[in-house]
Amino acid sequence: MLNKIIHFSLQNRILVLVASVLLLIGGTYTAMHTEVDVFPDLNAPTVVIMTEANGMAAEEVEQLVTFPVETAVNGATGVRRVRSSSTNGFSVVWVEFDWGTDIYLARQIVSEKLAIVGEELPSNVGKPTLGPQSSILGEVLIIGLTADSTSMLDLRTIADWTIRPRLLSTGGVAQVAVLGGELKEYQIQLDPERMRHYGVSMNEVMTVTRGMNLNANGGVLYEYGNEYIVRGVLSTANIEQLGKAVVKSIDSVPVLLEDIADVRIGPKAPKLGTASERGKPAVLMTVTKQPATSTLELTDKLEASLQDLRKNLPPDVKVSTDIFRQSRFIDSSISNVKKSLFEGGIFVVIVLFLFLANVRTTIISLVTLPLSLLVSILTLHFMGLTINTMSLGGMAIAIGSLVDDAIVDVENVYKRLRLLPENERLSVIQVVFNASKEVRMPILNSTLIIVVSFVPLFFLSGMEGRMLVPLGIAFIVALFASTIVALTLTPVLCSYLLGKEKGDKLPKEAFVARWMKGVYEKALTWVLIHKRLTLGSTIGLFIITLGFFFTLGRSFLPPFNEGSFTINISSLPGISLEESDKMGHRAEELLLSIPEIQTVARKTGRAELDEHALGVNVSEIEAPFELKDRSRNELMADVREKLGTITGANIEIGQPISHRIDAMLSGTKANIAIKLFGDDLNKMFSLGNQIKEAIGNIPGIADLNVEQQIERPQLKITPKREMLAKYGITLPEFSEYINVA
């Protein structure tokens, strides 16, 4: 079979060359247009369910919202894990399905379950909403909006109604979460004294204001052969018209809403969170991409959209996109791997030339490199995979092996042509065929042996398999491609480039090769004489190496520099948003005093319907940096030392992508997480602090924290039912009074 392949290639040399050129062109085009990402998609098919429960305490959200939703989806087909988070007024449930489950099928299954459970939830709870179809590594860009004279109310309105719709219309965007500023709200602030003066009750006000700004539909009127749509236009944005609404009449004198209340436009309260950039109040917009979307292309589209939007924004509004850009890390990591590939290629060229000492043989051997790598990229593309650090890493590992097959073939052809006797009148093609035929089995066997060593990667399951399988595919495909090139293109090139030199015109074997043979001959002779010493030394080194292996640390991913810090600052639950904001502002000032820190942006609390449900006691800071005179470890130590001066705060320092991978592995943004399960929250918090004290002195531990999951201070209002009966107040009326108050 292999002989036929070699023979066919030599008999159809033009066809092989044309096919190689077409492969080179097609592979180059595909490489330039294939999706590029940091890592393979590591997220199991996950559906996020978010439910707003305004005003509910965390334990009520857990009992009345989260638990019914969890119960409904737990038994769904293909569900492997369900996680949840309940905070004041908000519930998030993550439903993870088995690997390989179609995400659209998973979302359909969850939607059907929610259709049933939605009827069981309290009436004051919002409708459970599915989160955007994205992975935890889908955050591609954080946009900061700041202004000098534009109010935070107007800035938030610009973000919600001008910028966000434009970004959502960009192909590939899954969600744009907005945090910060002040939400615009039409407010009716009742005055109890004026209500008492006019004798207006709360029920009367609620009856008048309920639906007062909704248009009415009057159906269709047919008259004079025409059809008229009847509309009652009640909706208005004019606060003066809102204040003219009649509440009641006293002696034929109307009492208007503006007589008993102040009607105005103001910020929505209570606020769920706030944001800042470089210590200045800001609006932050987090853009999340859809699966199978190129991060680099999407970032370029977003930048173009923002550039167009800047023309229509107020002059004092500044838009910044340097807070967090996943494309920056992709460019850096891909650039580093490309640099390694290039440097590896240079070393291969040098080694080939030193050992072959012939430009033509070196060129023939090197042709294998680009063709094999391009075949690997084409295979990844048609398998629906991306170019990422793992697939490029597989190519970088393979680069030394890719030229092996070609070198064996070229060297043998080169030797046969050099040693060909003058009296043998064999054609060049025949010599090349005979020489290639001699080494065909060693070439194939060496490839198969190397491939077998990578086969175990394909038996890995879960996240490990998702991470390492692309590396194995890239390596094995490139290696097989190099073997095919060695059996087809290499003999053809040898027949063209080496066939013109015959007999004595061919130079002798390279000096380096001759010298190495001499050294190897002496070493081999010594080893054969001292067999016991050689075997004993080998076994001893193996045992020592094995001992060192078990002392090495283990990690899912090696540490890498993302060029940015993600810093979590948390305090005890129950702290007000204002106090938490002051604590975060202090942290920003400390970070900006460090020369390497380029900018900082902070999120305190959460945005509406955002699966990253942080309480108001938690701040998350993004701090891009650029190393100058110090190492990254020295910089991190300086950051940790400065932030350690903030009293009452727990500090956790990580990196954006590493944080998200840790959250995907354990549900918490830490390298190692210890979880306690039980039904007494305070008892578990106490045990958690005991564990913290017990492990705090272990070398290598940093930013050791206990999650602040404790009961918050509450003001409980328990009705005296006898008093309610005495004054004729029903329980629904009492509940409504509390909600309005």
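Here, every reference points to the structure presented above.
Note that the coordinates shown come from a computational prediction; the quantities given were computed from them, not determined experimentally.

What the chain contains, in helices and strands, is 26 helices and 20 strands. Over its C-alpha atoms the chain spans a radius of gyration of 35 Å, topping by over 25% the 27 Å that the globule rule assigns to 741 residues. Principal-axis analysis of the C-alpha atoms places the extent of the chain at approximately 135 × 80 × 50 Å. A buried classification covers 43% of the 741 residues belonging to the chain. Once local pairs closer than 6 in sequence are excluded, the contacts in the chain between residues at least 24 apart make up 76%. When the accessible area of the chain is evaluated, it comes to approximately 40,300 Å², of which 59% is carbon and sulfur surface.

Attention shifts here to the sheet that holds strand 20 (residues 650-654). Ordered in space as 14-13-18-19-17-20, the six strands form an open sheet in which the pairing is antiparallel. Among the strands making up the open sheet, the edge pair consists of strand 14 (280-281) and strand 20. For strand 13 (residues 273-277) and strand 18 (residues 601-605), the ladder comprises five bridges, and the chain directions are antiparallel. Looking at the pairing, Thr274 lines up with Thr604 of strand 18.

Tracing the sequence through the fold places Asn633 in helix 22 (residues 632-643). Residue Asn633 is classed as exposed on the basis of its relative accessible area, which comes to 58%.

All right, on to the nonpolar core then. Core analysis: the largest hydrophobic core is formed by 40 residues, its most contacted members being Phe39, Leu42, Leu392, Met395, Leu402 and Ile657. At the level of elements, helix 11 (326-356), helix 13 (368-382), helix 14 (389-418), helix 16 (440-454), helix 17 (462-487) and helix 23 (656-666) are the ones that each hand at least two residues to this core. No other element matches the 10 residues that helix 17 contributes to this core. Every residue in contact with Leu402, bar those within four places of it in the chain, is listed here: Thr368, Leu369, Ser372, Leu373, Ala478, Leu479 and Ser482.

Take the sheet that holds strand 4 (residues 129-130) next. Read across the open sheet, the four strands follow the order 2-3-1-4; overall the sheet is antiparallel. Of all strands in the sheet, those bounded by a partner on one side alone are strand 2 (79-87) and strand 4. Bridge analysis of strand 2 against strand 3 (residues 90-97) gives eight bridges, and the strand direction is antiparallel. In the strand pairing of strand 3, Ser85 is matched with Val92.

That bond from Ala269 to Pro270 is cis: its omega, -5°, falls within 30 degrees of zero. Residues other than glycine seldom take positive phi values, yet Ser252 does so here, at roughly 65°. Here Ser252 lies in the loop between strand 10 (246-250) and strand 11 (253-256).

Conventions we followed
Residues numbered from 1 in each chain as written. Predicted model: local features only at pLDDT ≥ 70, side-chain atom pairs only at ≥ 80, totals over all residues. Heavy atoms only, no water. Helix = DSSP H or I, 4+ residues; strand = E, 2+ residues; numbered from the N terminus. Rg over C-alpha atoms; globule rule 2.2 N^0.38 Å. Buried < 20%, exposed > 50% of the residue type's maximum accessible area, 1.4 Å probe, protein only. Contact = heavy atoms within 4.5 Å. Areas by Shrake-Rupley, 256 points an atom, 1.4 Å probe, with all protein chains shown as cover. Pairing = 2+ DSSP bridges. Core = buried A, V, L, I, M, F, W, Y, C linked by side-chain atoms within 4.5 Å.

So far we have only geometry, and geometry alone does not tell us how the molecule works.
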